[in-house]
Amino acid sequence: LPIFVVLVFDHSAKTVTPLQICRDTMCAVKTTSGRMRQMQITLAYSYGSGGEDSCENTRLAVENLLFEVPIDSYLAFSMDAVPFANDLVGGVTVTLEDDVPALGPAYVKGASVTLHGADALRFVRYRDTSLLDDNLRRMAHHRLYVNAFIEAAREAVSEDPDFAMRAFRTVEKFLHTDLTVENVSRMLENLNEYEILPAMTADGEYRMGEKFAEYYVDNASLWECVRTVFCT
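Throughout, a residue's number is its position along its own chain's written sequence, starting from 1. Restriction of local features to residues with pLDDT of at least 70 applies here, the model being predicted, together with a cutoff of 80 or more for giving and counting side-chain atom pairs; totals for whole chains, interfaces and linings are based on all residues. Side-chain measures were taken over the full set of non-hydrogen atoms in the model, leaving aside hydrogen atoms and water.

Student: When you look at unusual backbone geometry in this model, what are you seeing that I'm missing?
Tutor: As a rule of thumb, non-glycine residues mostly have phi less than zero, and peptide bonds are mostly trans rather than cis. Its identity is not glycine, yet Lys14 carries a phi of approximately 55 degrees, on the positive side. Numbered from the N terminus, helices here are DSSP runs of H or I no shorter than four residues, and strands are runs of E no shorter than two. Within the fold, Lys14 resides in the loop between β1 (4-10) and β2 (15-21). One non-glycine residue with positive phi stands out, namely Glu68, at about 70 degrees. Residue placement: Glu68 occurs in the loop between α1 (52-65) and β5 (75-77). Take Glu68: its relative accessible area is 56%, and that puts it in the exposed class. Using a 1.4 Å probe on the protein chains alone, a residue whose accessible area is under 20% of its type maximum counts as buried, one over 50% counts as exposed, and one in between counts as partly exposed.

Student: Would you mind going over the packing of aromatic side chains with me for this structure?
Tutor: Aromatic ring pairs are described here by two measures, namely the spacing of the ring centres and the angle between the planes. Ring pairs are drawn from Phe, Tyr and Trp, using the six-membered ring of Trp, whenever the two centres fall within 6.5 Å, and their geometry is named by plane angle: stacked under 30 degrees, edge-to-face over 60, tilted for the rest. Under the definition given, this model contains four aromatic pairs. Taking 6.2 Å as the distance between ring centres and 25 degrees as the angle between the ring planes, the aromatic pair formed by Tyr145 and Phe149 counts as stacked. Here Tyr145 and its partner Phe149 are both found in helix α4 (residues 134-159), four residues apart, which amounts to about one turn of the helix. Here Phe149 falls in the partly exposed class, since its relative accessible area comes to 23%. Between Lys173 and the ring centre of Phe84, over which it is positioned, the NZ or CZ distance is 5.6 Å. Both a distance and an angle decide whether a charge sits over a ring: NZ of Lys or CZ of Arg must be within 6 Å of the ring centre and within 35 degrees of the ring normal. The side chain of Arg207 reaches across the aromatic face of Tyr216, ending 4.2 Å from its centre.

Student: What is the right way to look at the sheet that holds β1 in this model?
Tutor: Note: strands within a sheet are paired through backbone hydrogen bonds, in either parallel or antiparallel orientation. Two strands pair if DSSP finds at least two bridges between them. Spatial ordering of the open sheet is given by β1-β2-β9, a layout of three strands whose pairing is mixed. With partners counted over all chains shown, the strands left at the sheet margins are β1 and β9 (195-196), one partner each. Here β1 runs beside β2; their pairing, made up of seven bridges, is antiparallel. Each residue of the ladder has a partner; that of Val6, found in β2, is Leu19. Of the strands in this sheet, β2 and β9 are in contact with α4, which crosses β2 at around 150 degrees. Here, residues are in contact when the closest pair of their heavy atoms is within 4.5 Å. Interaxial angles span 0 to 180 degrees and are taken between N-to-C directions of axes, which are lines fitted to C-alpha atoms, for helices over the stretch in contact.

Student: How should I be thinking about a nonpolar patch on the surface in this particular structure?
Tutor: A cluster of nonpolar residues, Ile3, Val5 and Leu7, forms a patch on the protein surface that exposes about 220 Å² of accessible area. Inspection of the secondary structure assignment puts Leu7 in strand β1. Like-charged residues within 9 Å of one another, or nonpolar side chains (Val, Leu, Ile, Met, Phe, Trp, Tyr) within 5 Å, are grouped into patches, provided each residue has over 30% relative accessible area and no salt bridge. For accessible areas, the Shrake-Rupley method is used with a probe of radius 1.4 Å. Any residue's cover is judged against the shown protein chains and nothing else. For this document, the term salt bridge refers to a Lys or Arg side-chain nitrogen within 4 Å of an Asp or Glu carboxyl oxygen.

Purely spatial values, then, with no claim about function.
Spelled out as structure tokens, the structure:
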């Protein structure tokens, strides 16, 4: 379940703006032959060994999509890390914005649900595959979950200043990154101290491809996102 989020740090304003990219977005992806082909951005990671080369290929695809804006660093993690990270902060409480009956009777609009362990992973993974565009709802769930997780993590850090690095060490085995430990420590400090602005995502439309769903981003909307987060 590849999830693509570009975190844009504004150190002058002390803000972080997440730019969320739909995994089904059609864009130029470099294949193993070295040729560029139009396909879902989620496939960029598969053209590699699952390590550094996959991350670099994904970074290239994201840069291609975002009008050649350079991406300074990458941090990729397996979804297996979610239950561990979730429980390190004592569970994550979300207030649901829609009904998700497939996850259980407690998952109704307006209910506050505290997610633990495997339930957190089920929540961020869930998608109704009978609906062509249900990944957009899943993306909304991701935004909801991440905002709640950050609040829980900030509370944990306020009680234990060393919490962030201890947590990083716990999930490190699930990560691939070109960041040094010092870079990660600084990034975690910034995420704790800076204001997290609402996530941005470009408009677009889903179409059924030959076999799989394809998301065609509206370039004007995408450019407005890029201009807003990188150029102001």
